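Working through the structure, step by step
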Amino acid sequence: MCKRERTLGSENPAELQAEITRLRAELGAYRQALSRPFPVAILHWPADELDELLASYPSLSAEYPSHAAHLATIEASLRELSASGTPNLGIVTGTVPSYEAFAASEATSPSDPTLLPQYATTLAARGRAVAWPPERAAQCWCASGKTYGACHGAGA
Ligand SMILES: [Zn+2]
(Lines give C-alpha, C1' and ligand atoms only; values in the text may rest on other atoms or scores of the structure.)
Protein backbone atom coordinates (compact mmCIF):
# COMPACT_ATOMS: atom_id res chain seq x y z
CA MET A 1 0.00 0.00 0.00
CA CYS A 2 1.42 3.34 -0.99
CA LYS A 3 2.22 5.83 1.74
CA ARG A 4 1.27 9.28 0.72
CA GLU A 5 1.53 12.66 2.31
CA ARG A 6 -1.34 13.00 4.73
CA THR A 7 -1.70 16.29 6.47
CA LEU A 8 -4.05 14.97 9.11
CA GLY A 9 -2.53 11.52 9.34
CA SER A 10 0.74 12.99 10.48
CA GLU A 11 -0.61 13.63 13.99
CA ASN A 12 1.36 16.84 13.88
CA PRO A 13 -0.76 19.50 15.61
CA ALA A 14 0.88 22.31 13.64
CA GLU A 15 -0.03 20.67 10.34
CA LEU A 16 -3.57 20.00 11.54
CA GLN A 17 -3.90 23.63 12.58
CA ALA A 18 -2.60 24.75 9.18
CA GLU A 19 -5.15 22.56 7.44
CA ILE A 20 -7.98 23.92 9.59
CA THR A 21 -6.82 27.47 8.86
CA ARG A 22 -6.80 26.69 5.15
CA LEU A 23 -10.33 25.26 5.40
CA ARG A 24 -11.58 28.33 7.25
CA ALA A 25 -10.16 30.50 4.48
CA GLU A 26 -12.03 28.38 1.97
CA LEU A 27 -15.21 28.83 3.94
CA GLY A 28 -15.61 32.42 2.75
CA ALA A 29 -15.57 31.30 -0.87
CA TYR A 30 -17.82 28.40 0.08
CA ARG A 31 -20.43 30.67 1.68
CA GLN A 32 -20.44 32.80 -1.47
CA ALA A 33 -20.85 29.69 -3.60
CA LEU A 34 -23.81 28.67 -1.43
CA SER A 35 -25.72 31.66 -2.72
CA ARG A 36 -25.36 30.28 -6.26
CA PRO A 37 -26.97 27.07 -7.44
CA PHE A 38 -24.70 24.05 -7.18
CA PRO A 39 -25.43 20.42 -8.01
CA VAL A 40 -27.18 17.99 -5.73
CA ALA A 41 -24.22 15.69 -5.35
CA ILE A 42 -23.75 12.12 -4.19
CA LEU A 43 -20.54 11.16 -2.45
CA HIS A 44 -18.24 8.66 -4.19
CA TRP A 45 -15.29 6.96 -2.48
CA PRO A 46 -12.71 5.35 -4.78
CA ALA A 47 -11.85 1.79 -3.65
CA ASP A 48 -8.56 2.69 -1.93
CA GLU A 49 -10.13 5.64 -0.13
CA LEU A 50 -13.09 3.54 1.03
CA ASP A 51 -10.70 0.87 2.37
CA GLU A 52 -8.81 3.52 4.30
CA LEU A 53 -12.02 5.15 5.55
CA LEU A 54 -13.45 1.90 6.89
CA ALA A 55 -10.14 0.86 8.42
CA SER A 56 -10.01 4.16 10.30
CA TYR A 57 -13.75 4.40 11.11
CA PRO A 58 -15.20 0.86 11.20
CA SER A 59 -18.62 2.11 12.31
CA LEU A 60 -19.10 3.56 8.80
CA SER A 61 -19.14 -0.02 7.43
CA ALA A 62 -22.89 0.04 8.04
CA GLU A 63 -23.13 2.71 5.31
CA TYR A 64 -20.80 0.91 2.92
CA PRO A 65 -21.16 -2.90 2.95
CA SER A 66 -18.78 -3.22 -0.03
CA HIS A 67 -17.23 -1.00 -2.67
CA ALA A 68 -19.35 -2.58 -5.43
CA ALA A 69 -22.52 -2.00 -3.37
CA HIS A 70 -21.40 1.59 -2.73
CA LEU A 71 -21.03 2.23 -6.48
CA ALA A 72 -24.39 0.60 -7.24
CA THR A 73 -26.06 2.73 -4.54
CA ILE A 74 -24.62 5.93 -6.03
CA GLU A 75 -26.04 5.15 -9.47
CA ALA A 76 -29.41 4.03 -8.03
CA SER A 77 -29.68 7.17 -5.86
CA LEU A 78 -28.95 9.45 -8.79
CA ARG A 79 -31.46 7.67 -11.03
CA GLU A 80 -34.08 8.00 -8.31
CA LEU A 81 -33.37 11.71 -7.88
CA SER A 82 -33.49 12.19 -11.64
CA ALA A 83 -36.77 10.26 -11.94
CA SER A 84 -38.28 12.40 -9.21
CA GLY A 85 -37.45 15.52 -11.25
CA THR A 86 -34.37 16.78 -9.40
CA PRO A 87 -32.25 18.75 -11.88
CA ASN A 88 -28.52 19.48 -11.73
CA LEU A 89 -27.19 16.21 -10.34
CA GLY A 90 -23.56 15.40 -9.73
CA ILE A 91 -21.00 13.16 -8.08
CA VAL A 92 -18.28 14.33 -5.72
CA THR A 93 -15.24 12.21 -4.91
CA GLY A 94 -14.17 11.93 -1.29
CA THR A 95 -10.71 11.49 0.14
CA VAL A 96 -10.04 10.46 3.74
CA PRO A 97 -7.76 13.43 4.55
CA SER A 98 -10.25 15.99 3.25
CA TYR A 99 -13.11 14.21 5.04
CA GLU A 100 -11.14 14.24 8.30
CA ALA A 101 -10.38 17.91 7.82
CA PHE A 102 -14.07 18.58 7.21
CA ALA A 103 -15.01 16.68 10.41
CA ALA A 104 -12.41 18.71 12.33
CA SER A 105 -13.79 21.96 10.92
CA GLU A 106 -17.25 20.87 12.08
CA ALA A 107 -15.80 19.89 15.48
CA THR A 108 -17.20 16.38 15.17
CA SER A 109 -15.99 12.83 14.63
CA PRO A 110 -15.49 11.37 11.16
CA SER A 111 -17.32 8.28 12.51
CA ASP A 112 -20.60 10.21 12.47
CA PRO A 113 -22.51 8.98 9.38
CA THR A 114 -24.69 12.12 9.30
CA LEU A 115 -21.53 13.98 8.36
CA LEU A 116 -21.26 12.16 5.01
CA PRO A 117 -24.04 14.04 3.15
CA GLN A 118 -22.82 17.33 4.65
CA TYR A 119 -19.35 16.58 3.31
CA ALA A 120 -20.83 15.84 -0.13
CA THR A 121 -22.76 19.11 -0.11
CA THR A 122 -19.66 21.01 0.94
CA LEU A 123 -17.61 19.52 -1.90
CA ALA A 124 -20.38 20.36 -4.36
CA ALA A 125 -20.58 23.92 -3.07
CA ARG A 126 -16.82 24.21 -3.61
CA GLY A 127 -17.35 23.34 -7.26
CA ARG A 128 -16.02 19.78 -7.00
CA ALA A 129 -19.05 18.00 -8.47
CA VAL A 130 -18.85 16.20 -11.79
CA ALA A 131 -22.15 16.32 -13.65
CA TRP A 132 -24.18 13.12 -13.80
CA PRO A 133 -25.10 11.28 -15.99
CA PRO A 134 -22.11 11.07 -18.31
CA GLU A 135 -22.69 10.48 -22.00
CA ARG A 136 -23.12 6.75 -22.68
CA ALA A 137 -19.90 6.70 -24.75
CA ALA A 138 -17.93 8.68 -22.15
CA GLN A 139 -15.92 7.13 -19.33
CA CYS A 140 -18.00 5.88 -16.44
CA TRP A 141 -17.93 8.09 -13.34
CA CYS A 142 -16.63 5.12 -11.29
CA ALA A 143 -13.25 5.23 -13.09
CA SER A 144 -13.50 1.58 -14.19
CA GLY A 145 -12.12 2.59 -17.58
CA LYS A 146 -15.31 1.31 -19.25
CA THR A 147 -17.82 3.57 -20.96
CA TYR A 148 -20.77 4.66 -18.88
CA GLY A 149 -23.10 2.72 -21.19
CA ALA A 150 -21.13 -0.49 -20.62
CA CYS A 151 -20.69 0.10 -16.88
CA HIS A 152 -22.98 1.81 -14.37
CA GLY A 153 -25.09 3.31 -17.17
CA ALA A 154 -26.09 -0.13 -18.46
CA GLY A 155 -29.87 -0.38 -18.54
CA ALA A 156 -30.29 3.36 -17.99
ZN1 LIG B 1 -19.02 2.39 -13.61
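It should be emphasised that the depicted structure is a prediction, and the values quoted were computed from it without experimental measurement. (Residues numbered from 1 in each chain as written. Predicted model: local features only at pLDDT ≥ 70, side-chain atom pairs only at ≥ 80, totals over all residues. Heavy atoms only, no water.)

Here we come to the nonpolar core. Core analysis: the biggest nonpolar cluster contains 20 residues, and L43, W45, L53, Y64 and Y99 have the highest contact counts within it. When contributions to this core are tallied by element, the ones reaching two or more residues are strand 1 (40-44), helix 2 (47-56), helix 4 (96-105) and helix 5 (115-125). In terms of residues, this core owes the most to one element, helix 5, which gives six residues. Once you skip the residues sitting within four places of it in the chain, Y64 turns out to touch L43, W45, L50, L53, L54, H70 and L116. Counting 12 residues, the second-largest nonpolar core is a separate cluster that includes L78, L89, C140 and Y148. (Core = buried A, V, L, I, M, F, W, Y, C linked by side-chain atoms within 4.5 Å. Buried < 20%, exposed > 50% of the residue type's maximum accessible area, 1.4 Å probe, protein only. Helix = DSSP H or I, 4+ residues; strand = E, 2+ residues; numbered from the N terminus. Contact = heavy atoms within 4.5 Å.)

A few words on helix 4. Burial within helix 4 is extensive, with seven of its 10 residues counted as buried. Taken as a whole, helix 4 has its buried residues at V96, P97, Y99, E100, A101, F102 and A103. Its side-chain oxygen placed 3.3 Å from the backbone nitrogen of S98, T95 serves as the N-cap of helix 4. Downstream of helix 4 by a residue or two, A107 has a phi angle that is positive, lying close to 55°. (Polar contact = N/O pair within 3.5 Å; in protein donor to acceptor, adjacent residues only side chain to side chain.)

The next point concerns the coordination of the zinc ion. Protein coordination at the zinc ion: the donors are C140 (SG), C142 (SG), C151 (SG) and H152 (ND1), at 2.0 to 2.3 Å from the metal. One can describe the donor arrangement at the zinc ion as tetrahedral, given that its four donor atoms subtend angles of 105 to 114° at the metal. Each donor residue of the zinc ion lies on the same chain, and together they follow the pattern C-x1-C-x8-C-H. With respect to class, C140 is no different from C142; both count as buried. (Donors = N, O, S within 2.8 Å, 3.2 Å for Na, K, Ca; no water. Tetrahedral: all angles 85-135°; square planar, octahedral: opposite > 155°, others 65-115°.)

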